[in-house]
Amino acid sequence: MPVGPQHPSFKRSSLDTFHGCCQQQETGALPWDTDTKRWRPELNWDLVCDNAWKVHIAKFSLLVGLIFGYLITGCIADWVGRRPVLLFSIIFILIFGLTVALSVNVTMFSTLRFFEGFCLAGIILTLYALRIELCPPGKRFMITMVASFVAMAGQFLMPGLAALCRDWQVLQALIICPFLLMLLYWSIFPESLRWLMATQQFESAKRLILHFTQKNRMNPEGDIKGVIPELEKELSRRPKKVCIVKVVGTRNLWKNIVVLCVNSLTGYGIHHCFARSMMGHEVKVPLLENFYADYYTTASIALVSCLAMCVVVRFLGRRGGLLLFMILTALASLLQLGLLNLIGKYSQHPDSGMSDSVKDKFSIAFSIVGMFASHAVGSLSVFFCA
């Protein structure tokens, strides 16, 4: 994940030294941290006192870029194909990602982070679509889970890289450079055959099928009998463009997509609510006051959730798994709201024997269950939409 004001040292110092920074600015102190012997960005870019709000804009810019990127690159991928969008996104994320490390002020940083998030969304979306469309139906969930585990491996490595690099500019350049290897995807991933057939590009589809048969050492006349002749009959038809707006014309498909989109939005949204409840200031747990413990706790819950998804889907299926995790999410949310209020009400009585620590422990337990289940709800809903 791209860095900057989200770097651990940046996040802590921007909150803990707010008033101290104001005093140092008034006295003309330099943006130098005597403890770490490093330049502090929030002082170097004047992100304290009246300008502290710019820190939140810098953090939010990547998310806004991701939102616009998913919407726009998804439509472009349906219009021109998956591979061109993937190549475009990789090239420009290298440009914008490396330029972020050279930012001279917070305005430049936030703007570049927006475009970085835009390109990152294009990469995530096109790779997800290619995995789904190139795999047989029975292998799609397994491939999706493998990709999720690879992404989580990078998530677990991220704090270690941050601790080694110390300087966020170096870390930014370090995590962007591996995108150079993704340029090889142009030769690894073919264009989606399903997209070619859906857009009536039968000539390109025929060439791709023959390429697959040669690579797999298959006999085109025996193994895919009847496919090539049918394609040759349709070669005279002109290609057509596909747009997501056409889905509205279907009877049930667009309704199911809307329901699943709301499910994924609710799942990921309430996941962050549970995370804030567990890591917030209202729950005083010494272990969770450390940034790295906070980070690894959240990542570990997501990892366990993915492992549980693999087991549940194997025995209950995708729909049964989605229903089970939705029920767990709802129960965790209701218990968090109702039972904790009841415990808090009784803890005020001196004869009840309950204390605030009991409420905090229940809050942590329900938050962990909620994060576990809501992550699965979001992931399975997105998978159903694809």
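Everything numeric here is computed off the predicted structure, so don't read it as measured data.

(A) Region of interest: the overall build of the protein chain. Across its full length, the protein chain holds 16 helices and two strands. At a minimum sequence separation of 6, the contacts of the protein chain that also span at least 24 residues come to 75%. Surface accessibility of the protein chain: about 22200 Å² in total, with carbon and sulfur atoms responsible for 66%.

(B) Layout of the nonpolar core. Counting residues in hydrophobic clusters, the biggest one holds 29 residues, and the most contacted among them are Ile123 and Phe179. Looking at this core, the elements that each hand over two or more residues are α4 (53–80), α5 (82–100), α6 (106–134), α7 (140–165) and α8 (168–176). Among the elements that take part in this core, α6 stands out by supplying nine residues, more than any other. In this structure Phe179 touches Ile90, Ile93, Leu94, Leu120 and Ile123, once residues within four positions along its chain are discounted. Within the second largest apolar cluster, 19 residues are counted, among which are Ile132, Leu322, Ala373 and Leu380.

(C) Structural context of the side chain of His271. Within the fold, His271 resides in helix α14 (residues 253–279). Reaching out from His271, the side chain makes a polar contact with the side chain of Ser374 at a distance of 3.3 Å. Sequence-distant contacts of His271, defined by excluding residues within four places in its chain, comprise Met371, Ser374 and His375.

(D) Here's a closer look at the packing of aromatic side chains. Here the structure, examined in full by the defined rule, presents eleven aromatic pairs. Seen from their ring centres, Phe114 and Phe115 are 5.3 Å apart, and the 85 degrees between their planes marks the pair as edge-to-face. Since its relative accessible area comes to 35%, Phe115 is described here as partly exposed. Ring geometry for Phe141 and Phe383: centres 5.5 Å apart, planes at 80 degrees, overall edge-to-face. Of this pair, Phe141 sits in helix α7 while Phe383 sits in helix α16 (residues 356–385); the two residues are 242 residues apart in sequence, bridging distant segments of the chain. Its relative accessible area of 10% is what places Phe141 among the buried residues. Grouped by ring-pair contacts, the aromatic residues Phe68, Phe88, Phe92, Phe96, Phe114 and Phe115 constitute a single cluster. Just above the ring of Trp186 sits the side chain of Arg83; from NZ or CZ to the centre is 3.9 Å.

(E) Spatial organisation of α7. When the terminal C-alpha atoms of α7 are compared, their 37 Å separation across 26 residues agrees well with the 38 Å that a helix rising 1.5 Å per residue should span. At Leu157, α7 shows its largest kink, close to 30 degrees, and the proline Pro159 lies no more than four residues downstream. Turning to α7, its buried residues are Arg140, Phe141, Thr144, Met145, Met152, Met158, Pro159, Ala162 and Cys165. Looking at the residues trailing α7, positive phi occurs at Arg166, about 65 degrees.

(F) A look at the environment of Thr126. Looking at where Thr126 falls in the secondary structure, it is placed in helix α6. Among the residues examined, Thr126 registers a relative accessible area of 2% and is labelled buried. Among all residues touching Thr126, those that are not within four sequence positions of it are Ala77, Arg82, Val85 and Leu86.

(G) How the structure looks around the packing of α5 against α6. Relative to each other, α5 and α6 sit at 150 degrees, their axes nearing to 8 Å. If you check the angle between α5 and α6, you find them roughly antiparallel. The handedness of the crossing between α5 and α6 is left-handed. Of the residues contributing to the contact of α5 with α6, the split by class is 17 nonpolar, five polar and four charged.

(H) Just the side chain of Glu133, in detail. By the secondary structure assignment, Glu133 is in helix α6. Glu133 sits in the buried class, given a relative accessible area of 17%. Beyond its immediate sequence surroundings of up to four residues, Glu133 is in contact with Arg82, Ser192, Arg194 and Trp195.

(I) Quick peek at the packing of α7 against α8. Packing of α7 against α8 brings their axes to within 9 Å, and their N-to-C directions diverge by 135 degrees. Overall, the two elements α7 and α8 adopt an arrangement that is oblique. In this structure, α7 meets α8 at a crossing whose hand is right-handed. Packed against α7, whose contacting residues are Met158, Leu161, Ala162 and Cys165, the element α8 presents Val170, Leu171, Leu174 and Ile175 at the interface. Split by residue class, the contact of α7 with α8 holds eight nonpolar, no polar and no charged.

(J) Representation of a nonpolar patch on the surface within the structure. Taken together, the side chains of Phe60, Leu63, Ile67, Phe68, Leu71, Ile72, Ile76, Trp79 and Val80 define a hydrophobic patch exposed on the protein surface, amounting to about 840 Å² of accessible area. Positionally, Leu63 belongs in helix α4.

(K) Just α8, in detail. For α8, the complete set of buried residues consists of Trp168, Leu171, Gln172, Ile175 and Ile176. Buried residues of α8, seen end-on, are gathered within an arc of 125 degrees and therefore sit on one face of the element.

(L) A look at the environment of Phe325. For Phe325, the position within the fold is in helix α15 (residues 291–347). By relative accessible area, Phe325 is classed as buried at 1%. Along the chain, Phe325 and Gly370 lie 45 residues apart, while their C-alpha atoms are 9.3 Å from each other. Not counting the four nearest positions on each side in its chain, Phe325 is found in contact with Ala308, Met309, Val312, Phe372, Ala373, Ala376, Val377 and Leu380.

(M) Expanded view of the confidence of the model for the protein chain. In this model, the protein chain carries an average pLDDT of 76, and 72% of its residues clear a pLDDT of 70 or more. Within the protein chain, no element has a lower average pLDDT than helix α2 (residues 18–26), which sits at 41, and none a higher one than α5, at 92.

The rules behind the values
- Residues numbered from 1 in each chain as written.
- Predicted model: local features only at pLDDT ≥ 70, side-chain atom pairs only at ≥ 80, totals over all residues.
- Heavy atoms only, no water.
- Helix = DSSP H or I, 4+ residues; strand = E, 2+ residues; numbered from the N terminus.
- Contact = heavy atoms within 4.5 Å.
- Areas by Shrake-Rupley, 256 points an atom, 1.4 Å probe, with all protein chains shown as cover.
- Core = buried A, V, L, I, M, F, W, Y, C linked by side-chain atoms within 4.5 Å.
- Buried < 20%, exposed > 50% of the residue type's maximum accessible area, 1.4 Å probe, protein only.
- Polar contact = N/O pair within 3.5 Å; in protein donor to acceptor, adjacent residues only side chain to side chain.
- Phe/Tyr/Trp six-rings, centres within 6.5 Å; stacked < 30°, edge-to-face > 60°.
- Lys NZ or Arg CZ within 6 Å of the ring centre and 35° of its normal.
- Expected span 1.5 Å × (residues − 1).
- Bend = angle between axes of the 7 residues up to and from the residue.
- Axes fitted to C-alpha atoms, helices over the stretch in contact; angles between N-to-C directions.
- Parallel < 35°, antiparallel > 145°, perpendicular 65-115°, else oblique.
- Left-handed = near helix turned anticlockwise from the far one by under 90°.
- Nonpolar A, V, L, I, M, F, W, Y, C, P; charged D, E, K, R; others polar.
- Patch = residues over 30% accessible without salt bridge, like charges linked within 9 Å, V, L, I, M, F, W, Y side chains within 5 Å.
- Salt bridge = Lys/Arg side-chain N within 4 Å of Asp/Glu carboxyl O.
- Arc of directions from axis to C-beta.
- pLDDT = per-residue confidence, 0-100.

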